[in-house]
Amino acid sequence: MSVREVLVFPNPALRQKAECVTEFDDKLRRLVFDMWETMYISKGVGLAAPQIGVPLRVIVIDWEGSKRLLVNPELLESSGEIRDEEGCLSFPGIFEDVTRPERIRVAYQDENGERAEEAVEGFFARVFLHEMDHLDAKLLIDRVSAVKRAFLKKKLERKAK
Ligand code: NI
């Protein structure tokens, strides 16, 4: 059990699409444990497995004490639109306004493969959607305007050198 390194943009592993979890075994449970530890020590409200270099569809969330483990999450429905500020552990110090659906319905599994369905809204829904983006290799920088994206990309790539 250990805290893992959180990969930072432009690490290419963040651009790898994650695969569905098919084995609900001890290896998955170890990954989930490490993800909780890594998220808490990094003071994040959510973490997706690709952010620690594991290309699997696994997410942990703790937003104001509401904790969720999402394995193989699927977006079933979304409605409304809301703009709010968003950050990401893979973009330290960057906070950008992003427009997202206000209400969503999602299906997901737990570490034993049990299926659940849930409706969430507001900022909690935003956290779900942000983390689900990571599974499809979509990043915060892809959700801002083209001008902003070019600016951030240049700045972050320069910083990474
Ligand atoms: Ni993120």
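Above: the structure in question.
Numbering of residues begins from 1 in every chain and follows the order in which that chain's sequence is written. Only residues with pLDDT of at least 70 are given local features in this predicted model, and only at 80 or more are side-chain atom pairs given and counted; all residues enter the totals for whole chains, interfaces and linings. The basis for every side-chain value is the complete set of heavy atoms in the structure, and neither hydrogens nor water enter the calculation.

Undergrad: Explain the side chain of glutamine 51 to me, and be specific about the residues and the numbers.
TA: Only DSSP runs of H or I covering at least 4 residues are called helices, and only runs of E covering at least 2 are called strands; the numbering of each starts at the N terminus. Its location among the elements puts glutamine 51 in the loop between strand E1 (46-48) and strand E2 (58-63). Only heavy atoms enter the contact rule, under which two residues are in contact if any of them lie within 4.5 Å. Residues in contact with glutamine 51, not counting those within four places in the same chain, are Glu5, Val6, Leu7, Leu14, Gly46, Cys88, Leu89, Ser90, Glu131 and His134.

Undergrad: Describe the coordination of the nickel ion, and please don't skip the residues or the numbers.
TA: Coordination shells were defined by N, O and S atoms within 2.8 Å of each metal, extended to 3.2 Å for Na, K and Ca; water is absent from the atom set, which can make sites look incomplete. Only Cys88 (SG), His130 (NE2) and His134 (NE2) from the protein reach the nickel ion as donors, at distances of 2.0 to 2.2 Å. Coordination of the nickel ion draws on donor residues from a single chain, spaced C-x41-H-x3-H in sequence. Here histidine 134 and histidine 130 lie together in helix H2 (residues 122-135), a separation of four residues that amounts to about one turn. Taken individually, histidine 130 and histidine 134 each receive the classification buried, so the pair is uniform in this respect. The cut-offs for exposure are 20% and 50% of the maximum accessible area for each residue type, with area from a 1.4 Å probe on protein chains only; residues under the lower value are buried, those over the upper are exposed, and the others partly exposed.

Undergrad: How would you summarise the pairing of E2 if you had to cite specific residues and measurements?
TA: When you tally the buried positions in E2, you get five out of six residues, the bulk of the element. Where E1 meets E2, three bridges bridge the pair, whose relative direction is antiparallel. In the sheet register, alanine 48 faces E2, and the bridge partner there is isoleucine 59. One requirement defines pairing of two strands: DSSP has to find at least two bridges between them. Where E2 meets strand E3 (residues 66-79), six bridges bridge the pair, whose relative direction is antiparallel. Each residue of the ladder has a partner; that of isoleucine 61, found in E3, is arginine 68. Here E2 folds back onto E3 in antiparallel fashion, the turn holding two residues, of which glutamate 64 has a positive phi close to 50°.

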